[in-house]
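Coordinates in review
The residues making up each chain are set out below.
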Amino acid sequence: MRDAVIVEAVRTPVGKGKPGGSLSAVHPVDLLAHTLQALIGRSGIDPAMVDDVIGGCVDQVAEQAMNTTRYAWLAAGFPESVPATTVDRQCGSSQQAVHFAAQGVIAGAYDVVVACGIESMSRVPMWSNVPPGADPFGASVAARYPGGLVPQGVSAELIAAKWSLSREAMDEFAAGSHAKAARAHAEGRFTDELVPVPTPGGLVTMDESVRPGTSPEVLAGLRPAFADPSYAERFPQIAWSVTAGNSSPINDGASAVLITSSETAARLGLRPLARLHSFAVTGSDPLLMLTGVLPATEKVLRRSGLSLADIDLFEVNEAFASVVLAWLQETGADPARLNVNGGAIALGHPLGASGTRLMTTLVHELHRSGGRFALQTMCEAGGLANATILEAIH
């Protein structure tokens, strides 16, 4: 049976997703193009050999409309004969791109494929694809959920309430994410994965949202970000403890991985870094929305034949501290193996790019640490989650 292996994985630094952010002057097509050039250049392959390019992007409108992945490939100067498509599974879009790419390789539909992601939240703000007054759900969804769906921040509050997570615990987790990310930068743990980006303001080499001096005491001074009287009346159990400090920020970034089979890698003289061992995607309650990481983790472990104890590294996307803390509480996973180089609370969450950003970091950390198995999972809007297990090839 054919397998699927990652032979190269790169990402840009992550910039603040607002005007003046370190990457805000770079068009998203050009940002992804720069990442693709680095991916192909580091691998040394002929880009004409790529069978497909599958990219994740959430807000596919304005400068991210018209199949951004296709135009990024062309902007990189690569052959017009190589096709590309852009997918949307919300925050897990580029992790889903990896699944599609790997499944295509395993099925024999592809020999060499790129999975990637892009989001420029400074230039295409979140919800740009839903004009004021538009209803993206329709009457039938409203009838199925008569109380109405809620924003992600309220969902994060509901999770904190359901799992009895205190403001102090969430702030402590968030401060730890910044400390781990700052240490990883200081120790050069990101050196092999980072692609510096030239901008009008100079060369961007560092993740911009990491705050080394952040502490639980500093975070305790922030106000709740999503407090709302109508939701407070509807959900009296909410303590309003989710803040900008214990949530992921808004960001710009791009990332990409190159996937092929072991046989093709050997034929091309490429060194496999990790095997894509198992995949899962699940749906969950769209009201709680962000709890899909729980059934996704259970499902991917069941499919893999592995147990939690077999996993050396976990990457659970830090959309909100409450999501990750609930995952830890429910699974009983070892927190020392979780997001060891910091997560999205510190490094940032450029929506469509985050799936392959996490995977890039995970692949390189598996090699640095000598681990064998790693598990990645991400919560996604609408009550969805992806999970992937990687097996390092040392």
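Our subject is the structure that appears above.
Everything numeric in this text was worked out from a predicted model, so none of it was measured.

1. Focus on the overall build of the protein chain
Summing up its helical and strand segments, the protein chain has 13 helices and twelve strands in all. In summary, the protein chain has a C-alpha radius of gyration of 20 Å against a globular reference of 21 Å for 394 residues, a match within 12%. On the principal axes, the C-alpha backbone points of the protein chain span a range of 60 × 45 × 45 Å. Expressed as a percentage of contacts within the protein chain between residues at least 6 apart in sequence, the contacts between residues at least 24 apart total 82%. Summing over all exposed atoms, the protein chain offers an accessible surface of approximately 14800 Å²; the carbon and sulfur share of this is 55%. Of the side chains in the protein chain, 27 bear a positive and 38 a negative charge, and the two mean positions are spaced by 2 Å.

2. Here's the deal with the packing of aromatic side chains
Given two aromatic rings, their pairing is described by the distance between the two centres and the angle made by the two planes. Enumeration over the complete set of coordinates arrives at three aromatic pairs. Measuring from centroid to centroid gives 6.1 Å for Phe226 and Phe320, while their planes differ by 70 degrees, and the two rings are edge-to-face. Separated by 94 residues along the polypeptide, Phe226 in the loop between α7 (216-219) and α8 (229-234) and Phe320 in the loop between β10 (313-316) and α11 (321-331) bring together distant segments of the chain. Overall, the relative accessible area of 29% leaves Phe226 in the partly exposed class. What makes Phe320 buried here is its relative accessible area of 8%. Consider the rings of Phe314 and Trp327, whose centres lie 5.3 Å apart with planes at 65 degrees: the pair is edge-to-face.

3. So, unusual backbone geometry
For Ala62, which is not glycine, the phi torsion reads 55 degrees and is therefore positive. Considering the arrangement of structural elements, one finds Ala62 in the loop between β3 (52-56) and α2 (68-75). Classification of Ala62 by relative accessible area gives exposed; the value is 59%. A positive phi angle is found at Asn67, which is not glycine, with a value near 60 degrees. Along the chain, Asn67 turns up in the loop between β3 and α2. What makes Asn67 partly exposed here is its relative accessible area of 27%.

4. Thoughts on the nonpolar core
Core analysis: the largest hydrophobic core is formed by 50 residues, its most contacted members being Leu290, Ile311, Trp327, Leu338 and Ile389. Of all the secondary structure elements, the ones that give two or more residues to this core are α5 (152-162), α6 (167-186), α10 (293-304), β10, α11, β11 (373-380) and β12 (384-392). Counting residues per element, this core draws most heavily on α11, which supplies seven residues. In terms of nonpolar packing, the next biggest core, distinct from the first, is built from 35 residues, Leu32, Ala33, Leu39 and Val82 among them.

5. Considering the pairing of strand β5 (residues 112-120)
Most of β5 sits out of view: nine of its nine residues are buried. Sheet topology places β3 next to β5; five bridges connect them, and they run parallel. Note that in β5 the partner of Asp52 across the bridge is Val113. Here β5 runs beside strand β8 (residues 251-260); their pairing, made up of nine bridges, is antiparallel.

6. With respect to a nonpolar patch on the surface
Among the surface-exposed residues, Met126, Trp127 and Ile250 lie close enough to one another that they form a single nonpolar patch of about 340 Å² accessible area. Residue Met126 is classed as partly exposed on the basis of its relative accessible area of 42%.

7. As for the state of the cysteines
Within this structure, the stated rule accounts for zero disulfides. The thiol of Cys57 is unpaired, and the distance to the nearest cysteine sulfur, on Cys116, comes to 10 Å. Among the residues examined, Cys57 registers a relative accessible area of 0% and is labelled buried. Free cysteine Cys379: the closest other cysteine sulfur is in Cys91, separated by 6.3 Å. You can call Cys379 buried: its relative accessible area is 1%.

8. A look at the pairing of strand β9 (residues 274-283)
Taken together, the two bridges between strand β1 (residues 5-11) and β9 define a ladder with antiparallel strand orientation. Bridging across to β9, Ile6 finds its partner in Ala274. With nine bridges connecting them, β9 and β12 associate as antiparallel partners. The partner of Ser278 across the bridge, within β12, is Ile389.

9. A few points about the pattern of salt bridges
Once their charged atoms are close, side chains differing in charge can pair, the charge on each being opposite to the other. According to the stated counting rule, one finds 13 salt bridges in the structure shown. With a closest N to O distance of 2.6 Å, Arg11 and Glu193 form a salt bridge. On the criterion of sequence distance, the pair formed by Arg11 in strand β1 and Glu193 in the loop between α6 and β6 (197-199) is long-range, its members being 182 residues apart. Each of the two residues, Arg11 as well as Glu193, counts as buried. Two residues, Glu365 and Arg368, come together in a salt bridge whose shortest N-O distance is 2.8 Å. Of the two residues, Glu365 and Arg368 are both situated in helix α13 (residues 354-369); the distance of three residues between them amounts to about one turn of the helix. Taking relative accessible area as the criterion, Glu365 reaches 6% and is therefore assigned buried. When salt bridges that share partners are traced, they join Asp3, Arg275, Arg372 and Glu391 into one network.

10. Considering the environment of Leu306
Structurally, Leu306 can be placed in the loop between α10 and β10. Separated by 67 residues in the primary sequence, Leu306 and Phe373 place their C-alpha atoms 9.4 Å from one another. Those residues within four positions of Leu306 in sequence are excluded, and the remaining contacts are His277, Leu301, Ile311, Phe373 and Ile389.

The rules we used
Residues numbered from 1 in each chain as written. Predicted model: local features only at pLDDT ≥ 70, side-chain atom pairs only at ≥ 80, totals over all residues. Heavy atoms only, no water. Helix = DSSP H or I, 4+ residues; strand = E, 2+ residues; numbered from the N terminus. Rg over C-alpha atoms; globule rule 2.2 N^0.38 Å. Contact = heavy atoms within 4.5 Å. Areas by Shrake-Rupley, 256 points an atom, 1.4 Å probe, with all protein chains shown as cover. Lys, Arg positive; Asp, Glu negative; His and termini not counted. Charge placed at Lys NZ, Arg CZ, Asp CG, Glu CD. Phe/Tyr/Trp six-rings, centres within 6.5 Å; stacked < 30°, edge-to-face > 60°. Buried < 20%, exposed > 50% of the residue type's maximum accessible area, 1.4 Å probe, protein only. Core = buried A, V, L, I, M, F, W, Y, C linked by side-chain atoms within 4.5 Å. Pairing = 2+ DSSP bridges. Patch = residues over 30% accessible without salt bridge, like charges linked within 9 Å, V, L, I, M, F, W, Y side chains within 5 Å. Salt bridge = Lys/Arg side-chain N within 4 Å of Asp/Glu carboxyl O. Disulfide = S-S within 2.5 Å.

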